[in-house]
Amino acid sequence: MVPYFTEKFGNPASDDHLYGSQAKKAVSQAREQIAETINARKEEIIFTSGATESDNLAVRGVAEYAAENDQGNHIITSVTEHEAVLEVCESLEEEGFEVTYLPVDEHGQIDPADIEDAICDDTILVSVMAANNEIGTITPLEEIGQIAKDNDVYFHTDAVQALGYVPLDVEELGIDLMSLSSHKIYGPKGIGALYVRRRNPKVKLQPLIQGGGHERGWRSGTLNVPGIVGFGKAVQLAEKNREQRIEHVESLQTQLWERLSDELDDIVLNGDLDNRLPNNLNVSFLGVENKGLVQNLQPEIAVSAGSACTTGKVEASHVLQALGGDESRWHSTIRFGLGKDNTEEEIDVVADQVINAVNRLRKLQIN
Ligand SMILES: Cc1ncc(COP(=O)(O)O)c(C=O)c1O
């Protein structure tokens, strides 16, 4: 990325000279790296400021185009989606669209048959995330893609958390639009992409940001060249080291869960046990308030009481609430995210601290 902040500072939209054409080439290479990873074509990748924008563009963009062309006004999504999808759906409802929010089971899994049942003549889009950011549950994308295809409805997936952990072949999975973010795979922040299918079917959507007509008119604004270059490289590295990284985080996940469950009573693992991201562990420490627990850990231990994207909210997250059950359980929940550079020693430190803090807090409550 560094040269594109300094000596290769050209604008890819001004490619009549060396600097612009250097930048254009770099953007094209990154586009290729991303397209190749998801089995798409270069021209199907739109760069955005991140997955929040990609989700907005996918859902609102499809909805507005369909409404303008009298193609329908019904969207199907799930209750555990990221706010970047849910809040757009809520705004669209206020504007006259119909939205079906499908429920999930106690593991956070949606039933593809519910999608089939919800589809009607007015349905234009199914938007279901590939893997959940809080509980790590992985969605059966291929089955949903097939249902969408059979019913001539676009299928959008927010694949932010799945990228680098779950194969995301848009052809095999029948995906028409897919949101990606760079910073979840160790790339720079503030850059993302939306995959938009151009063939079988050619997805039609309205741009959210208009202006100079960049990204074939779908997303105007001068491109963030260093961010794009970093995103491309991050995708390439994530792909190259995928098996190794999955194996590493999976073994840390097992280590952490075994220590916590062996040494503490009354804890529950949230999410799907089998279809789960290898880097996610979401645990309820029954009877212990999560904010208090986090405050009792060293500040270097970066865990989350709730979803990092919406911290500050006091109520239990909408994802945990959707799993059903006891409200107090959701207020005792911590999400552990395991990274490629974490070590077994670090997991032991985290386990020691969490176990001690839970025991201490539970003892305080008894006294
Ligand atoms: C599932 C999911 N979707 C969307 C986003 C938003 O992505 P960005 O931060 O790139 O806007 C996040 C962020 O954490 C996420 O986890």
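Residues numbered from 1 in each chain as written. Predicted model: local features only at pLDDT ≥ 70, side-chain atom pairs only at ≥ 80, totals over all residues.

Colleague: Break down the packing of helix H8 (residues 242-263) against helix H12 (residues 344-366) for me, with residues and values.
Modeller: Where H8 meets H12, the closest approach of the two axes is 10 Å, and the angle between their N-to-C directions is 25°. When the interaxial angle is binned, H8 and H12 end up roughly parallel. Seen along the crossing, H8 lies across H12 with a hand that is right-handed. Between H8 and H12, the contacting residues are Leu-252, Gln-255, Leu-256, Arg-259, Leu-260 and Glu-263 on the first element and Glu-344, Ile-347, Val-350, Ala-351, Val-354 and Ile-355 on the second. When its residues are assigned to classes, the contact of H8 with H12 shows 8 nonpolar, 1 polar and 3 charged. (Axes fitted to C-alpha atoms, helices over the stretch in contact; angles between N-to-C directions. Helix = DSSP H or I, 4+ residues; strand = E, 2+ residues; numbered from the N terminus. Parallel < 35°, antiparallel > 145°, perpendicular 65-115°, else oblique. Left-handed = near helix turned anticlockwise from the far one by under 90°. Contact = placed C-beta atoms within 7 Å. Nonpolar A, V, L, I, M, F, W, Y, C, P; charged D, E, K, R; others polar.)

Colleague: Provide a residue-level description of the domain arrangement of the chain, including the pertinent values.
Modeller: For the chain, the assigned domains are domain 1 (2-240) and domain 2 (242-358). Centre-to-centre separation of domain 1 and domain 2, based on C-alpha positions: 28 Å. Contacts between the two partners involve 23 residues from domain 1, matched on the other side by 24 residues from domain 2. Among the residues making up the side of domain 1 that touches domain 2, the classes are represented as 8 nonpolar, 11 polar and 4 charged. (Domains from an automatic or database assignment.)

Colleague: An account of unusual backbone geometry is requested, with residue identities and associated values reported.
Modeller: In this structure, the amide linkage connecting Asn-200 to the following residue, Pro-201, adopts the cis form with an omega of -5°. Along the chain, Pro-201 turns up in the loop between strand S7 (192-196) and helix H7 (225-240).

Colleague: Explain the site of the ligand to me, using residue names and the numbers behind them.
Modeller: Taken together, 14 residues sit near the ligand, with Gly-50, Ala-51, Thr-52, Asn-133 and Ser-181 positioned nearest. The leading source of residues in the shell around the ligand is helix H2 (residues 51-68), at 3 residues. (Near = placed C-beta within 6 Å.)

Colleague: Help me get a handle on the sheet that holds strand S5 (residues 154-158), residues and values and all.
Modeller: Spatial strand order, S1-S7-S6-S5-S4-S2-S3: 7 strands in an open sheet with mixed pairing. The sheet is open, and its two borders are formed by strand S1 (45-48) and strand S3 (98-102), each paired with just one other strand. For this sheet, the mean angle separating the axes of adjacent strands, direction not counted, is 20°. Of the strands in this sheet, strand S2 (74-78), S3, strand S4 (123-127) and S5 are in contact with helix H3 (residues 83-94), which crosses S2 at around 150°. (Pairing = 2+ DSSP bridges.)

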